Amino acid sequence: MSSPTELRARADELESRARPLIAGPRTDDERMWLEKAAALRTEADRLETSTKK
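Below is a short write-up of the structure.

The rules behind these values
- Residues numbered from 1 in each chain as written.
- Predicted model: local features only at pLDDT ≥ 70, side-chain atom pairs only at ≥ 80, totals over all residues.
- Heavy atoms only, no water.
- Helix = DSSP H or I, 4+ residues; strand = E, 2+ residues; numbered from the N terminus.
- Expected span 1.5 Å × (residues − 1).
- Buried < 20%, exposed > 50% of the residue type's maximum accessible area, 1.4 Å probe, protein only.
- Axes fitted to C-alpha atoms, helices over the stretch in contact; angles between N-to-C directions.
- Parallel < 35°, antiparallel > 145°, perpendicular 65-115°, else oblique.
- Left-handed = near helix turned anticlockwise from the far one by under 90°.
- Contact = heavy atoms within 4.5 Å.
- Nonpolar A, V, L, I, M, F, W, Y, C, P; charged D, E, K, R; others polar.
- Salt bridge = Lys/Arg side-chain N within 4 Å of Asp/Glu carboxyl O.

Focus: helix α2 (residues 28-52)
Part 1: Compared with an ideal rise of 1.5 Å per residue, which puts 25 residues at 36 Å, α2 spans 36 Å between its outermost C-alpha atoms and is within 8% of the ideal.
Part 2: Regarding α2, the residues found buried are Glu30, Trp33, Ala37, Leu40, Ala44 and Leu47.

A short note on the packing of helix α1 (residues 4-17) against α2
Part 1: At their nearest, the axes of α1 and α2 sit 8 Å apart, and the two run at 165° to each other. Between α1 and α2, the angle falls in the class roughly antiparallel. In this structure, α1 crosses over α2, and the sense of that crossing is left-handed. Residues Pro4, Leu7, Arg8, Arg10, Ala11, Asp12, Leu14, Glu15 and Arg17 of α1 form the contact with α2, whose own contacting residues are Glu30, Trp33, Leu34, Lys36, Ala37, Leu40, Arg41, Glu43, Ala44, Asp45, Leu47 and Glu48.
Part 2: In terms of residue class, the contact of α1 with α2 is built from ten nonpolar, no polar and eleven charged.

Describing the pattern of salt bridges
Part 1: This structure, assessed with the given rule, holds nine salt bridges.
Part 2: The partner of Asp45 in a salt bridge is Arg8, with the nearest N and O atoms 2.4 Å apart. Remark: Arg8 occurs in helix α1 and Asp45 occurs in helix α2; sequence separation between them is 37 residues.
Part 3: What makes Asp45 partly exposed here is its relative accessible area of 41%.
Part 4: Taking the relative accessible area as the measure of exposure, Arg8 reaches 22% and is therefore partly exposed.

This is how it looks when you write it as structure tokens:
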């Protein structure tokens, strides 16, 4: 299992692949990377919350 820190690092890496929004419409790949990054951040938040209880 990955730690919240590792999940957020992976999310950062995925987000860095996408061009800035002002560069034009997102490609399918860019949308997929950003969706995956958001899911990873949600999972990291969930893991942190469950370990603090």
